[in-house]
Amino acid sequence: MDLHSVDEVLVPRTRAELPCASPGIGFIGGGTWLYSEPQPHLTTLVDLSGLDWRAVEVSDHGIEIAATCTIEELCRAELPTSWSAAALFQHCADALLASWKVLRYATVGGNIALSFPAGAMTTLCTALDAELTIWRPDGTEYSVPVVDFVIDDSRNVLGPGEIIRCVRIPVHALTARTAMRKLAQTSLGRSAVAVAGRCGADGFTLAVTAATRRPYALKFDELPDTAALADALRNRIPEDAYFTDVHGTAPWRKAMTELLAEEIRGELE
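Thresholds applied
As a convention, each chain's residues are numbered from 1 in the sequence order in which they are written. At least 70 in pLDDT is required for a residue's local features to be given in this predicted model, at least 80 for side-chain atom pairs to be given and counted, and no such filter applies to totals for whole chains, interfaces and linings, which use all residues. Remark: hydrogens and water are excluded; side-chain values derive from all non-hydrogen atoms of the structure. The criterion is simple. A nonpolar core is a set of buried Ala, Val, Leu, Ile, Met, Phe, Trp, Tyr and Cys residues joined through side-chain atoms within 4.5 Å. Partly exposed residues are those whose accessible area sits between 20% and 50% of the maximum for their type, while under 20% is buried and over 50% is exposed, using a 1.4 Å probe and protein chains only. Pairs of residues are marked as contacts when any of their non-hydrogen atoms sit within 4.5 Å. UniProt positions are given in the numbering used here, feature names are shortened, and annotations may be inferred rather than shown by experiment. By the criteria applied, helices consist of DSSP H or I runs no shorter than four residues and strands consist of E runs no shorter than two, each listed in order from the N terminus. Throughout this description, the term salt bridge denotes a Lys or Arg side-chain nitrogen within 4 Å of a carboxyl oxygen of Asp or Glu.

Named according to an unreviewed UniProt entry, the protein chain is FAD binding domain-containing protein originating from Rhodococcus baikonurensis.

Right, here's the structure in full:
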């Protein structure tokens, strides 16, 4: 898509070169969504790839993923063999149903920043207790869990001029066992329901996404039984969190979430 309203592209090399927040400025991760449709409100693009952040950094505390790390880079990263949850990276990438050309350029930070219900990197990060580091334009920064970052369909907590710097996933989540289910009404359709589970030393976590307007993380001290899980889904996720669009109705999404959650519970039992 040609963006006819854009008359300037900035490529900052340092944080100090990032422009001040103002109307008409848009930040580019990979640009795969930005260039997919008209953006008449934008006059300036800021290409964050020029900051040259290291894509993936591994430490004893876990993994730090740059916002500009592509989904392909994340899936191909060399990680400790004890991090069994790393298998979830590819499962979530596959849920995007994107071509290899898109996965080569689409970024982890960009997918989360779009805050779409079907954002598969949001699914991944919600399931693995990930936190974002966010840069403010005044030079400070703050952290927020991904599950709290997305607050509604296409809405998040980012303020004017704020950008995602990186995603951090703790080692306790990376060493857990995981399972994922994704459902769409057509074989190559957008995710209408995406559920991921994690079972490890800190208990059981179930991430519910795509079916709801924002992500939900249901946590248990231990793997629940069928009745306890069903009860938690009914009581911890509001009825109006499920939504209807061309990809599915709210009642169908709710029913399928419960079905897939039980499949994940059974797999991890």
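Still more to cover.
**Student:** I'd love a proper account of the nonpolar core, names of residues and values included.
**Tutor:** Within the largest apolar cluster, 53 residues are counted, with the highest numbers of intra-cluster contacts made by Ile63, Phe89, Ile112, Met121, Leu128, Leu132 and Ile169. Setting aside its immediate chain neighbours within four residues, leucine 128 contacts Ala85, Leu88, Phe89, Ile169, Pro170, Ala173, Leu174, Thr178 and Arg198. Among the nonpolar cores identified, the runner-up in size contains 24 residues, and Ala179, Leu206, Leu218 and Tyr242 belong to it.

**Student:** Got a sec to walk through the UniProt feature "domain: FAD-binding PCMH-type" (unreviewed entry) in the protein chain? Specific residues and values, please.
**Tutor:** Sequence positions flagged by UniProt for "domain: FAD-binding PCMH-type" (unreviewed entry) are, in local numbering, residues 1–174. When the span residues 1–174 is considered, its composition is 25% helix and 25% strand, and the gap between its end C-alpha atoms is 38 Å.

**Student:** Break down the side chain of threonine 68 for me, with residues and values.
**Tutor:** With respect to the secondary-structure elements, threonine 68 resides in the loop between β5 (62–66) and α1 (71–76). Judged by its relative accessible area of 16%, threonine 68 falls in the buried class. Leave out the neighbours within four places in its chain, and threonine 68 touches Leu48, Ser49, Trp53, Glu73 and Thr107.

**Student:** Break down the pattern of salt bridges for me, citing the residues and quoting the values.
**Tutor:** Scanning the entire structure with this criterion turns up 16 salt bridges. The closest approach of N and O atoms between lysine 219 and aspartate 129, which form a salt bridge, is 2.6 Å. Taken together, the residues lysine 219 in strand β14 (residues 216–220) and aspartate 129 in the loop between α5 (120–127) and β6 (131–135) connect sequence positions 90 residues apart. Salt-bridge contacts for arginine 136 lead to glutamate 162; the nearest nitrogen and oxygen are separated by 4.0 Å. Of the two residues, arginine 136 sits in the loop between β6 and β7 (141–145) while glutamate 162 sits in the loop between β9 (155–156) and β10 (163–170), which places them 26 residues apart along the sequence.

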